[in-house]
There are 2 protein chains.
Amino acid sequence: VTSAQRPDSAVDPTHDVNLASWVDSANGHPDFPIQNLPFGMFDPGVVADRTGEGTRGGIRIGDLILDLRALHDSGVLTGPAQVGSKAASVSLNGLFALGAGPRKDLREQVSRLLVDGSEHCDTVAAMLFPVRDVTVRLPAMIGDFTDFYAGINHATNVGQLFRPDHPLLPNYKWVPIGYHGRASSIHVSGESFARPMGQIKMPGTDAPVFQASRKLDLELELGIWIGGGNAPGHPILIADAASHIAGYCLLNDWSARDIQSWEYQPLGPFLSKSFHSTISAWVVTPEALAPYRAAMTRPAGDPELLSYLHDPVDQAVGGLDIELEVLLTTASMRAGSMTPQRLSLSSTRHMYWTAAQLVAHHTSGGCDLRPGDLLGSGTISGPTPDSCGSLLEITHDGRDTVLLRSGETRTFLEDGDEVVLRARAHRPGVAPIGFGECLARVLPHHVAHGSA
Amino acid sequence: VTSAQRPDSAVDPTHDVNLASWVDSANGHPDFPIQNLPFGMFDPGVVADRTGEGTRGGIRIGDLILDLRALHDSGVLTGPAQVGSKAASVSLNGLFALGAGPRKDLREQVSRLLVDGSEHCDTVAAMLFPVRDVTVRLPAMIGDFTDFYAGINHATNVGQLFRPDHPLLPNYKWVPIGYHGRASSIHVSGESFARPMGQIKMPGTDAPVFQASRKLDLELELGIWIGGGNAPGHPILIADAASHIAGYCLLNDWSARDIQSWEYQPLGPFLSKSFHSTISAWVVTPEALAPYRAAMTRPAGDPELLSYLHDPVDQAVGGLDIELEVLLTTASMRAGSMTPQRLSLSSTRHMYWTAAQLVAHHTSGGCDLRPGDLLGSGTISGPTPDSCGSLLEITHDGRDTVLLRSGETRTFLEDGDEVVLRARAHRPGVAPIGFGECLARVLPHHVAHGSA
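Cut-offs applied
- Residues numbered from 1 in each chain as written.
- Chains lettered and ligands numbered in written order.
- Predicted model: local features only at pLDDT ≥ 70, side-chain atom pairs only at ≥ 80, totals over all residues.
- Heavy atoms only, no water.
- Helix = DSSP H or I, 4+ residues; strand = E, 2+ residues; numbered from the N terminus.
- Rg over C-alpha atoms; globule rule 2.2 N^0.38 Å.
- Buried < 20%, exposed > 50% of the residue type's maximum accessible area, 1.4 Å probe, protein only.
- Contact = heavy atoms within 4.5 Å.
- Axes fitted to C-alpha atoms, helices over the stretch in contact; angles between N-to-C directions.
- Parallel < 35°, antiparallel > 145°, perpendicular 65-115°, else oblique.
- Nonpolar A, V, L, I, M, F, W, Y, C, P; charged D, E, K, R; others polar.
- Pairing = 2+ DSSP bridges.
- Polar contact = N/O pair within 3.5 Å; in protein donor to acceptor, adjacent residues only side chain to side chain.
- 1 Å grid on protein atoms, 1.4 Å probe; cavity = no way out; pocket = protein on both sides within 12 Å on 5 of 7 lines; lining within 4 Å.
- Points joined across faces, edges and corners; volume = space filled by probe spheres on them.
- Least-squares fit on C-alpha atoms with pLDDT ≥ 70 in both.
- pLDDT = per-residue confidence, 0-100.
- Salt bridge = Lys/Arg side-chain N within 4 Å of Asp/Glu carboxyl O.
- Phe/Tyr/Trp six-rings, centres within 6.5 Å; stacked < 30°, edge-to-face > 60°.

Scanning chain A from N- to C-terminus turns up 13 helices and 26 strands. Its C-alpha atoms give chain A a radius of gyration of 22 Å, near enough to 22 Å, the size a compact globule of 452 residues would have. Per-residue burial for chain A yields a buried fraction of 64% across its 452 residues. Residue pairs in contact within chain A that sit at least 24 positions apart in sequence constitute 73% of those at least 6 positions apart.

Below you can see the structure in the form of structure tokens.
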């Protein structure tokens, strides 16, 4: 374990709570102060583009995006940061593939360029685009997407609904449960989607019908971006696994519960979770989150970790302490200019496995991870009803209703509903940072041929 | 339904049983006579490359590969074929994205170039590489991989092992069961792999151990290559679905049964099926397979198809009649120069769903298919023990053994075992064609840190 892989917030100047930027909107920004500096991909568009066409990497600062292609071409950077910016000028996959060093160096040099009093202020100012003027893209080309099940309260709550006698399956505390998801249907925050159609078998009927889902749900998840991949067919050892993580985002794993319950036996969720998934646009780095690492405490009586999942450093600092929030606005709330209503306040502390454990497990049998692959944590629910990360749990599969401030009620999502996920990392003496929003709106289903 | 989408073997000159090629090795070739002409990707390598470096598309003919980049640059092609060859000169994903028209035209023009008496014989001869001299690659960059469960005998056999009272689940005959697989771990025929490590819980023990799989199995599957994708979020209707299929290959979905049985509840197979998957290198087109289409006959008493899965043309000709074979050689059989031993002879006739139904179902809720995506049929077993597509079925989960000609026995695969899948389409009056081999050898497990 080297200090480069396990940054200590006490000695990393990019975390200094007193840092301020000459980018005004950064100072006091709830998500993107100079202490964050997450990566993303954007297209300035034809008119605004001063540096050539097309999508390129950027770094978010306040309400602006720093163009990494222009920054590379300017020659202001040196060493690994210059190598990293060249890779990022085409796609973040290239930057991710370089591993932790160039990413860390690039973030550090950009921090020095954006800090109050930087000598390169004028040069860099010309490379900044207002985020509202550009098209923000998916942060990387996602090769494969894996969704885990690391939220133990979620697994318990869902188990309780369908197997009250033994809610948590025998394998849960031994093996990080996960399944392969669909990469093609992952979309960046802000894209609306149509309510899915699918085969649904209603209780008490003999046959399924093909119709629009009536149990459309959200799932509050943490996304984990893979940096450097493994040597093909070879495991990433648990002690090295953290260095293969490029950053984090929010993930809403929209789920059609009625399609799911009919299709999922025996091979697991399929179309009920792959019609549309939403992720937040900014890759928040392990470096920015270093002050928010947390110890993992395995409850008394839980089995000991198998050795391929056990690393003392990972147990000491491999957890994350980040607040997660689910917000809902309905069409009538928007018409009445009402603010979003909180459905849940949870935390990454409720993950049973660390991100490094998910990486080590994933590659333990030889499965290949590639730069830009995405892992989902699974739904992260807290222990109380107001901290649950899905409506399935909040309404007990529709048996209860949520009363909204508008006077409306919800069991599952209605057309026009807009869900926003947010994350906020904060603790005394450290600059709070966030992830930006993970937002999408539910549109009515397509009118297709096969509608029953 | 147009004749372009539903080619009729009676009027397609590329199927003429009397066609012969000036490429000698094509005539009488069991897999690749001039009536086949499948697509693939290859790298001629530095020395052999006469046309520039790197991987490009090709068409297999006998023991040779026709370089589509060189063919494009030669200007011999015209119209859609020229457009298609340009796309294929970079990757087959580009050709697939163009849909059926350019692919069909390209194959037809190449057929006329390779036939005995072609005026372009000398020009084209210079663009042919012996397959033994080049590196054959995966036929496309696979965005997402979905594995279905369309082999009803397999589903029944596996169900019988674990649920003798109700082997086939209630959803099976209504909904094409499938799950998302792992694209990164799909490898082209010829690449060996290490026996996977994983968590395994032995019967009668209290805790799992991390060790090498002792129940390594093969799965005999048909692979289906996606051509043109859907409009994002929109379904592909069943009547259009066949036109979105670029071709077919063989797929060995290697499976670690002991890892699978511990990990798969409740989200389905994960690492037990994603350590390595093998596909054959050549994309056999719907055009080449047109003479081998078959009617689907739904057994009496089975539920009627829901309308989004029903198309009269698909029911009439959407099935396939292709013989499938599993061959095994052990290390000692190779040492004794023994020929491979057949483990199974099955047929695509045992699929319960057509490829078009899989495509229509996959997109029915809005999930996005992209050019170069791969679908697996699921294991295709016949109704008898000698037609089963997995050792799980053949040996009843290891309760029985297979006696080999070498005097060895097998329950599951041992290190050094090599499995070859083959396909052969034949019927009277039509030139038989095949798929080439889908081959890989099992190597000993990596000696990793966490081995128990």
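Turning our attention to the packing of helix α3 (residues 79-88) of chain A against helix α5 (residues 100-114) of chain A. Residue and element names in this part refer to chain A. Axis separation between α3 and α5 bottoms out at 7 Å; the angle between their running directions is 100 degrees. The angle between α3 and α5 falls in the class roughly perpendicular. Contacts between α3 and α5 involve Gly79, Pro80, Ala81, Gly84 and Ser85 on the former and, on the latter, Pro102, Asp105, Leu106 and Gln109. Split into classes, the residues belonging to the contact of α3 with α5 amount to four nonpolar, four polar and one charged.

All names here are of chain B. Spatial strand order, β4-β3-β2-β1-β5: five strands in an open sheet with antiparallel pairing. One side of each edge strand has no neighbouring strand; the edge strands of this open sheet are β4 (128-130) and β5 (135-137). Adjacent strand axes in the sheet meet at a mean angle of 45 degrees when their direction is disregarded. Direction of pairing for strand β1 (residues 39-43) relative to β5: antiparallel, over a ladder of three bridges. Bridge pairing in β5 links methionine 41 to arginine 137.

Now for the environment of aspartate 321 of chain A. Residues and elements named next belong to chain A. Counting through the fold element by element, aspartate 321 comes out in the loop between β18 (319-320) and β19 (323-329). Judged by its relative accessible area of 33%, aspartate 321 is partly exposed. Residues aspartate 321 and histidine 361, spaced 40 residues apart in sequence, show a C-alpha to C-alpha distance of 22 Å. Side-chain polar atoms of aspartate 321 contact the side chain of arginine 349, separated by 3.2 Å.

Right, let's talk about the layout of surface pockets for a bit. Residue and element names in this part refer to chain A. There is about 1100 Å³ of room inside the largest pocket. For the largest pocket, the lining is made up of 42 residues, of which Arg137, Leu138, Ala140, Met141 and Ile142 are closest to its centre. For the lining of the largest pocket, the elements supplying multiple residues, two or more each, are β5 (135-137) and β8 (186-188). Classifying every residue of the lining of the largest pocket by side-chain character gives 21 nonpolar, twelve polar and nine charged.

Mapping chain B onto chain A calls for a screw motion: a turn of 180 degrees about the axis and a shift of 0.0 Å along it, with 0.0 Å RMSD after fitting. Taken together, the rotation and translation relating the two chain copies correspond to the operation of a two-fold axis. For chain B, the smallest separation between a C-alpha atom and the rotation axis is recorded for glycine 268 of chain B, amounting to 2.2 Å. A share of 100% of interface residues in chain B that are also interface residues in chain A marks the association as one of identical surfaces.

Another aspect to go through is the sheet that holds strand β16 (residues 277-279) of chain B. All names here are of chain B. Strands sit in the order β7-β6-β21-β13-β14-β16-β8 across an open sheet of seven strands; the sheet is mixed. The open sheet has two free edges, formed respectively by β7 (178-180) and β8 (186-188), since each of these has just one partner strand. Averaged over all pairs of adjacent strands, the angle between strand axes in this sheet comes to 30 degrees, irrespective of strand direction. Note: strand β13 (residues 220-226) against strand β14 (residues 245-252), seven bridges, orientation antiparallel. Looking at the pairing, tryptophan 225 lines up with glycine 247 of β14.

All names here are of chain A. In this model, chain A carries a mean pLDDT of 94, and residues with pLDDT of at least 70 account for 95%. Below a pLDDT of 50 lies the segment residues 1-9, which in the model reaches 15 contacts outside its immediate sequence neighbourhood of four places, other chains included. This prediction of the complex comes with two scores: 0.96 for pTM and 0.95 for ipTM.

This part is about the interface of chain B and chain A. Interface size, as often reported, equals the accessible area lost upon joining of the parts. Facing 62 residues of chain B, the contacting portion of chain A comprises 63 residues. In this structure, arginine 182 of chain B engages aspartate 144 of chain A in a salt bridge whose closest nitrogen and oxygen atoms are separated by 3.6 Å. Applying the counting rule to chain B against chain A returns 28 residue pairs in polar contact (both at pLDDT 80 or more). Among the elements of the structure, β6 (145-148), β7, β10 (197-200), β11 (209-212), α9 (257-263) and α12 (355-363) of chain B are those that each provide at least two residues to the side of chain B that touches chain A. It is β7 of chain B that contributes the most residues to the side of chain B that touches chain A, three residues altogether. Per-class residue counts for the side of chain B that touches chain A are 32 nonpolar, 24 polar and six charged.

Let us now look at the pattern of salt bridges. Tallying each qualifying case throughout the model produces 44 salt bridges over all chains. Beyond isolated ion pairs, a larger network of salt bridges with shared partners links Asp217, Glu219, Asp253, Arg257 and Lys273 of chain A.

Residues and elements named next belong to chain B. Here aspartate 302 lies in the loop between β17 (293-294) and α10 (312-317). A relative accessible area of 15% places aspartate 302 in the buried class. At a separation of 2.7 Å, a polar atom in the side chain of aspartate 302 contacts the side chain of lysine 173.

Time to look at the packing of aromatic side chains. Any pair of aromatic rings gets described here by the distance separating the centres and the angle formed by the planes. One pass over the structure, following the stated rule, counts 20 aromatic pairs over all chains. Between tyrosine 308 of chain A and phenylalanine 210 of chain B, the ring centres sit 4.0 Å apart and the planes meet at 20 degrees, which makes this aromatic pair stacked. Note that tyrosine 308 of chain A is positioned in the loop between β17 (293-294) and α10 (312-317) and phenylalanine 210 of chain B in strand β11, a pairing that runs across two chains. When sorted by exposure, tyrosine 308 of chain A lands in the same class as phenylalanine 210 of chain B, which is buried.

With that settled, consider the side chain of serine 184 of chain A. Assignment of secondary structure puts serine 184 of chain A in the loop between β7 (178-180) and β8. For serine 184 of chain A, a relative accessible area of 8% corresponds to the buried category. Other than its neighbours up to four places away in sequence, serine 184 of chain A contacts Asp144, Asp368 and Arg370 of chain B.

Along helix α7 (residues 152-162) of chain A, the residues that are buried comprise Ile152, Asn153, His154, Ala155, Val158, Gly159 and Leu161 of chain A. Close packing links the buried residues of α7 of chain A with α13 (391-394) of chain A.

Turning to empty space enclosed by the protein, a few remarks are in order. All names here are of chain A. Taken as a whole and assessed by the stated rule, the structure comprises twelve cavities of 30 Å³ or more. What lines the largest cavity is a set of 14 residues, and nearest its centre among them are Ala242, Ile245, Tyr248, Arg293 and Gly318. Secondary-structure elements contributing two or more residues to the lining of the largest cavity are β14 (245-252), α10, β18 and α12 (355-363). Per-class residue counts for the lining of the largest cavity are nine nonpolar, two polar and three charged.

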